[in-house]
Amino acid sequence: MELKERIAVVPGSFDPITKGHMDIIRRAQTLFDRVIVLVVVNAQKNPCFSLEERVELIKASVQGIPGVEVDSYDGLLVDYVKQVGAGAIVKGLRAVSDFEYEFQMALINKELYHQVETVFLTTSAENQYLSSSVVKQIASFGGDIHLFVPEQVHDRIVERLSKIR
Ligand code: PNS
């Protein structure tokens, strides 16, 4: 019997990637054969970092983690999921405030593509408060973001965010 590769997509805006995202990516990597971190264009958001910058920052952060790839997509998430033959969408849940939106997305995605499952991973306790918006605010005021973003991309994020005020 041929074993089918289990592929998961970890979608998001990643504006920019944080240690909270890294925690979810690493844990997804232990559950699936291939993990595709997907930077999705979200028309409702006005990102600070360009799509290319976000992809580059993630690539530098996940370098060396086996089975993890990075891609970007401007379209419906389920269309990408179908294209690559993924069986799961993995999302991190921080607090109850995330739940309503994520639950709605999971139901919509299931409705659009019945073969996909959304898998929620509970964010580690130390990352409960962390978000890309918080990182952007702290860095734009010159605060220290060492604790919040991957070491490999810290300087690039600080340099970029120091220019936005
Ligand atoms: O990091 P975010 O901004 O919470 O990620 C949200 C994202 C990009 C995963 C979500 O907005 C998304 O899936 N967008 C693609 C469009 C889509 O498929 N929407 C669902 C049906 S309305």
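Here the structure is a predicted model, which is why all the values come from computation and not from measurement. (Residues numbered from 1 in each chain as written. Predicted model: local features only at pLDDT ≥ 70, side-chain atom pairs only at ≥ 80, totals over all residues. Heavy atoms only, no water.)

Okay, the sheet that holds strand E5 (residues 117-122) next. Pairing within the open sheet is parallel, and its five strands lie in the order E3-E2-E1-E4-E5. Single-partner strands in this sheet number two, and they are strand E3 (68-73) and E5. In this sheet, adjacent strand axes meet at a mean angle of 30° when their direction is disregarded. Sheet analysis places strand E2 (residues 34-40) next to E3, joined by six bridges and oriented parallel. Looking at the pairing, Val-39 lines up with Ser-72 of E3. Together, strand E1 (7-12), E2, E3, strand E4 (88-93) and E5 form the strand contacts of helix H1 (residues 19-31), whose direction differs from that of E5 by roughly 125°. Against the sheet, helix H2 (residues 51-62) touches E2 and E3, its axis set at about 175° to E3. (Pairing = 2+ DSSP bridges. Helix = DSSP H or I, 4+ residues; strand = E, 2+ residues; numbered from the N terminus. Axes fitted to C-alpha atoms, helices over the stretch in contact; angles between N-to-C directions. Contact = heavy atoms within 4.5 Å.)

Within the structure shown, the criterion is met by three aromatic pairs. Ring geometry for Tyr-129 versus Phe-148: centroids 6.1 Å apart, planes at 80°, classification edge-to-face. Remark: Phe-148 occurs in the loop between helix H5 (132-140) and helix H6 (154-161) and Tyr-129 occurs in the loop between E5 and H5; sequence separation between them is 19 residues. Residue classification places Tyr-129 among the partly exposed residues on the basis of a relative accessible area of 48%. Overall, the relative accessible area of 12% leaves Phe-148 in the buried class. In this structure, Arg-160 packs its charged tip against the face of Phe-49, placed 5.3 Å from the ring centre. (Phe/Tyr/Trp six-rings, centres within 6.5 Å; stacked < 30°, edge-to-face > 60°. Buried < 20%, exposed > 50% of the residue type's maximum accessible area, 1.4 Å probe, protein only. Lys NZ or Arg CZ within 6 Å of the ring centre and 35° of its normal.)

Taken together, 14 residues sit near the ligand, with Ser-13, Val-40, Lys-45, Leu-76 and Leu-77 positioned nearest. A distance of 2.6 Å separates an oxygen atom of the ligand from a polar atom in the side chain of Lys-45. If the ligand stood free it would expose 560 Å²; the protein chains cover 78% of that surface. Looking at the shell around the ligand, the elements with two or more residues in it are E1 and helix H4 (96-112). A per-element tally of the shell around the ligand places H4 first, with four residues. Its residues assigned to classes, the shell around the ligand comprises seven nonpolar, five polar and two charged. (Near = heavy atom within 4 Å. Polar contact = N/O pair within 3.5 Å; in protein donor to acceptor, adjacent residues only side chain to side chain. Areas by Shrake-Rupley, 256 points an atom, 1.4 Å probe, with all protein chains shown as cover. Nonpolar A, V, L, I, M, F, W, Y, C, P; charged D, E, K, R; others polar.)

Glancing now at the pairing of E2. On a regular strand, one side chain projects to one face of the sheet and the next to the other, so that they alternate. In terms of burial, E2 is largely enclosed, as six of its seven residues are buried. With six bridges joining them, E1 and E2 adopt parallel strand pairing. Within E2, the residue paired with Pro-11 across the bridge is Leu-38. Crossover handedness for the path E1 to H1 to E2: right-handed. At this point the chain moves from E2, through H2, to the parallel E3, and the crossover so formed is right-handed. (Right-handed = clockwise from strand over helix to strand, strands pointing away.)

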